[in-house]
Amino acid sequence: MTKKHILVVDDHKDIRDLLGSYLQAHGYRISLAAGGEEMQAVLGRSSVDLVVLDIMMPGEDGLSLCRSLSEAEGPPVIMLSAMSEDTDCVVGLEMGADDYVTKPFAPRVLLARVKAVLRRNGQQQRRGRQQRRNGDSLRFSGWTLDLHQRHLIKDDGLVVPLSSSEFNLLHVFLAHPQQVLNRDQLLSLTKGREAQPFDRSVDNQISRLRKKVEADPHNPALIKTVWGGGYMFTEKVQ
């Protein structure tokens, strides 16, 4: 079985060496990078299954790098934040990160997050293969969700890339049109058994998704909030 390839990006050599050694000892193939240029060099020469990315780095910071990876439909990202506040973590999720870990943390905590993200990504890829067998796209309200390329196409030809979490969430809505889905249901359908009680990341993901599909994200017409109930995708899906 081919080892999963993880890229650890952190400007602190002792941290990236420690995390690299720990993850390697648990069966992963590891590459290390001190910043954005080294990260892009690794991505350019080999396939990477997951990026562990520090937020606070000199030069181009982790949030900007995360956004670039998301826009390029790159591998899933786990952000490392040294901040005790939630602000950086929320921004990271809005930029397309799949999960985050706040420093300081035990390496085994990161290992658990790595396993969970890789498992979710593998499940999404399997669903994508099944979707391609059943049909390649879903249409709604002037948009087409391409299930093969995993991005949105507007009727005027505009292509909108989606992060893995955005794609998964939108596909759940399109599979349950005109139905009220509460947060627990959305978490269960998008994260499976990795869903955590009181996880608010779904709200951030919906906010990010609205910015891409709604004509007016502040007055959404496609993804409506149902007060006390959850969210509902209002349009018919073809």
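Now for a description of the structure that goes with this document.

Cut-offs used in this document
Residues numbered from 1 in each chain as written. Predicted model: local features only at pLDDT ≥ 70, side-chain atom pairs only at ≥ 80, totals over all residues. Heavy atoms only, no water. Helix = DSSP H or I, 4+ residues; strand = E, 2+ residues; numbered from the N terminus. Buried < 20%, exposed > 50% of the residue type's maximum accessible area, 1.4 Å probe, protein only. Polar contact = N/O pair within 3.5 Å; in protein donor to acceptor, adjacent residues only side chain to side chain. Phe/Tyr/Trp six-rings, centres within 6.5 Å; stacked < 30°, edge-to-face > 60°. Core = buried A, V, L, I, M, F, W, Y, C linked by side-chain atoms within 4.5 Å. Contact = heavy atoms within 4.5 Å. Pairing = 2+ DSSP bridges. Axes fitted to C-alpha atoms, helices over the stretch in contact; angles between N-to-C directions.

## Regarding the side chain of Lys103
Tracing the chain through its elements places Lys103 in the loop between β5 (99-102) and α5 (107-134). By relative accessible area, Lys103 is classed as buried at 18%. There is a polar contact of 3.2 Å between the side chain of Lys103 and the side chain of Asp10.

## So, the packing of aromatic side chains
Here the structure, examined in full by the defined rule, presents one aromatic pair. Arranged with centres 5.3 Å apart and planes meeting at 80 degrees, the rings of Phe140 and Phe233 form a pair that is edge-to-face. Of this pair, Phe140 sits in strand β6 (residues 137-140) while Phe233 sits in strand β12 (residues 230-233), and the two are 93 residues apart along the sequence. On the basis of relative accessible area, Phe140 is assigned to the buried category, the value being 2%.

## Focus: the nonpolar core
With 25 residues, the main nonpolar core has Leu152, Phe173, Leu186 and Ile223 as its most contacted residues. Setting aside chain neighbours within four positions, we find Leu186 in contact with Leu169, Val172, Phe173, Leu181, Val202, Ile206 and Tyr231. The next biggest cluster of nonpolar side chains, apart from the first, holds 17 residues, and it includes Leu65, Val77, Met79 and Ala97.

## Quick look at helix α3 (residues 62-71)
The periodicity of an α-helix, 3.6 residues per turn, causes residues three or four places apart in sequence to face the same way. Judged by how many residues are buried, α3 sits mostly within the fold: seven of ten residues are covered. Taken residue by residue, α3 has Gly62, Leu63, Ser64, Leu65, Cys66, Leu69 and Ser70 as its buried positions. You can read the cap of α3 off the contacts: a side-chain oxygen lies 3.2 Å from the backbone nitrogen of Leu63, and it is on Asp61.

## Points about the pairing of β12
The side chains of a regular strand alternate, residue by residue, between the two faces of the sheet. Bridge analysis of strand β10 (residues 180-181) against β12 gives two bridges, and the strand direction is antiparallel. Pairing of Val180 across the sheet is with Met232, part of β12. Where strand β11 (residues 223-226) and β12 come together, four bridges link them in antiparallel fashion. Residue pairing in the sheet places Lys224 in a bridge with Met232 of β12.

## Regarding the pairing of β6
Across the two faces of β6 the burial differs, with Leu138 and Phe140 buried and Ser137 and Arg139 not buried at all. Where β6 and strand β7 (residues 143-146) come together, four bridges link them in antiparallel fashion. For Arg139, the partnering residue across the bridge sits in β7 and is Thr144. Counted between consecutive antiparallel strands, the loop separating β6 from β7 contains two residues, among which Ser141 sits at a positive phi close to 45 degrees.

## Examining the sheet that holds strand β9 (residues 159-161)
Ordered in space as β6-β7-β8-β9, the four strands form an open sheet in which the pairing is antiparallel. Pairing within the sheet leaves two strands with one partner each, and these edge strands are β6 and β9. Strand-to-strand, the axes of this sheet are offset by a mean angle of 20 degrees, without reference to chain direction.

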